[in-house]
Amino acid sequence: MQPGSPLVQEGERLLRLCNACRYCEGFCAVFPAVERRSAFSVADVNYLANLCHNCGECYYACPYTPPHEYALNLPKALAEIRVETYAHSAFPQGFSLAYRNSALAISALMVVAIAVMAAVAVGMGSFTSTGADFYAVIPHAAMVVTTGVAFVLAAVAMIIGFFRFWRDGISVPIEAGSVVAALGDTLRLTNLRGHGAGCPYPQGRLSHARRWFHHATFYGFLLCFASTCVAAFYHFALDWRAPYPYFSVPVVLGTLGGLGLLAGPAGLYWLKRQRDPALDDLGPRGFGDSFIALLLLSSLTGLLLLALRETSAMKWLLIAHLGVVLALFASLPYGKFMHGKYRFAALLRNAFEQSQKR
């Protein structure tokens, strides 16, 4: 975010108004952080935008929302600034275009990724294999190289993007107490609890639904990652070849994770469709929807592959699943996945600032 840009100027204007009013000071972490300031730099605006969890409670309570002349809509402004901070921090910088037309970028990426896995299967595998022998369709080394390279490149881009964001919006000393507090707020989604009754999302009705759907998505993703790690240990350390029994550790972890990645993203999509239009920050770009779609497709194709691995559909489901996973890995630095990293950094700065008050 550049000084003097229209979004930064609007963010500064709204934050000054909120700081003068202070009606919402107990709503979430944003308002105490606002009150610790008498002026707002670009770094402050970036930080506060990513500290906001976009519940909308302040919008429903505010007496200065449109059509009032102040036209105060803080959640929408901060959400728009967040997307710009993602794009500004992206590496390589040219890939920031994916943030501005996410649906098109993800659709094209998924087509290319599935085509790549199909080409690998045709060139290196066998479509005449029977049973659940995944590696006959796509050799294990080919799976590791294609998805592994995509993941490593994505990890490098995410790390660089994170440090760019840290430089532009966080830049505080890393202390053990602040890290523990920020991790606790992240893992518990403390700021979606509201005043104990939940988050007023999507239409001002207090509910814990958004928090639980986020938990299902996050922990479902972690379970799937754990399943992959266990399977890799089985393969490389114990020389146990897939497919593994239905009640083995990697299959159970993957099944639970896949169910979480079905329930969580589906629930978040359902809530998003009911979102108050006044707070809809992303318009036709499909920024959040694209990531939700990839998560749903990766879990759906994975669960179908598990259920139908002994059938003739296995080879096609394997190609589709690995293609979706490849697209998911490649898109991680350029989509909604990054919001968790930047929000953790904002929570870390918030914890540090709170510790300085004591």
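Residues numbered from 1 in each chain as written. Predicted model: local features only at pLDDT ≥ 70, side-chain atom pairs only at ≥ 80, totals over all residues. Heavy atoms only, no water.

Draft legend 1. Representation of the packing of helix α3 (residues 42–51) against helix α5 (residues 74–89). In the contact formed by α3 and α5, the axes pass within 8 Å of each other and the chain directions differ by 110°. On the basis of the axis angle, α3 is roughly perpendicular to α5. Two packed elements cross with a definite hand, and for α3 against α5 that hand is left-handed. Where α3 abuts α5, its residues Val45, Asn46, Leu48, Ala49 and Asn50 lie against Leu78, Ile81, Arg82, Thr85 and Tyr86. Classifying every residue of the contact of α3 with α5 gives 6 nonpolar, 3 polar and 1 charged. (Axes fitted to C-alpha atoms, helices over the stretch in contact; angles between N-to-C directions. Helix = DSSP H or I, 4+ residues; strand = E, 2+ residues; numbered from the N terminus. Parallel < 35°, antiparallel > 145°, perpendicular 65-115°, else oblique. Left-handed = near helix turned anticlockwise from the far one by under 90°. Contact = heavy atoms within 4.5 Å. Nonpolar A, V, L, I, M, F, W, Y, C, P; charged D, E, K, R; others polar.)

Draft legend 2. Structural view of the environment of Arg309. Among the structural elements, Arg309 can be located in the loop between α13 (287–307) and α14 (314–331). A sequence separation of 176 residues divides Arg309 from Asp133, and the C-alpha atoms of the two residues are 8.3 Å apart. With near-sequence residues (within four places) excluded, Arg309 lies in contact with Gly131, Ala132, Phe134, Pro243, Tyr244, Pro245, Tyr246 and Met314. A distance of 2.9 Å separates the side chain of Arg309 from the backbone oxygen of Tyr244, its partner in a polar contact. (Polar contact = N/O pair within 3.5 Å; in protein donor to acceptor, adjacent residues only side chain to side chain.)

Draft legend 3. Layout of the nonpolar core. In terms of nonpolar packing, the biggest core is built from 75 residues, with Phe31, Leu48, Leu51, Leu74, Ile138 and Leu318 touching the most fellow members. Looking at this core element by element, the count peaks at 11 residues for α14. Beyond its immediate chain neighbours, meaning those up to four positions away, Leu318 contacts Phe134, Val137, Ile138, Met143 and Leu305. In terms of nonpolar packing, the next biggest core, distinct from the first, is built from 6 residues, Cys55, Leu189, Tyr201 and Leu271 among them. (Core = buried A, V, L, I, M, F, W, Y, C linked by side-chain atoms within 4.5 Å. Buried < 20%, exposed > 50% of the residue type's maximum accessible area, 1.4 Å probe, protein only.)

Draft legend 4. Main features of α14. The end-to-end C-alpha distance of α14 is 25 Å, a good match for the 26 Å that 18 residues give at a rise of 1.5 Å each. Across the 18 residues of α14, 15 count as buried, placing the element largely inside the fold. (Expected span 1.5 Å × (residues − 1).)

Draft legend 5. Up close: the packing of aromatic side chains. As enumerated under the stated definition, the model contains 12 aromatic pairs in all. Members of the aromatic cluster, connected to one another through ring pairs, are Tyr86, Phe165 and Tyr342. Here the basic side chain of Arg210 rests over the ring of Tyr201, its NZ or CZ set 4.4 Å away from the ring centre. When the ring centre of Phe337 is taken as origin, the NZ or CZ atom of Lys341, which lies over that ring, is 3.3 Å away. (Phe/Tyr/Trp six-rings, centres within 6.5 Å; stacked < 30°, edge-to-face > 60°. Lys NZ or Arg CZ within 6 Å of the ring centre and 35° of its normal.)

Draft legend 6. How the structure looks around the pattern of salt bridges. Enumeration over the complete set of coordinates arrives at 9 salt bridges. Arg167 is the partner of Asp168 in a salt bridge, and the nearest nitrogen-oxygen pair spans 2.9 Å. You can call Asp168 partly exposed: its relative accessible area is 22%. A residue is classified by how much of its surface remains accessible, and Arg167, at 53% relative accessible area, is exposed. In this structure, Arg273 engages Asp289 in a salt bridge whose closest nitrogen and oxygen atoms are separated by 3.5 Å. Of this pair, Arg273 sits in helix α12 (residues 249–273) while Asp289 sits in helix α13; the two residues are 16 residues apart in sequence, bridging distant segments of the chain. (Salt bridge = Lys/Arg side-chain N within 4 Å of Asp/Glu carboxyl O.)

Draft legend 7. Structural detail: unusual backbone geometry. The step from Pro66 to Pro67 runs through a cis peptide bond, and the omega angle for that step is 15°. Mapped onto the secondary structure, Pro67 falls in the loop between α4 (57–61) and α5. Phi is positive for Asp239, which is not a glycine, with a value near 60°. Its location among the elements puts Asp239 in the loop between α11 (209–236) and α12. Accessibility expressed as a relative area gives 65% for Asp239, which makes it exposed.

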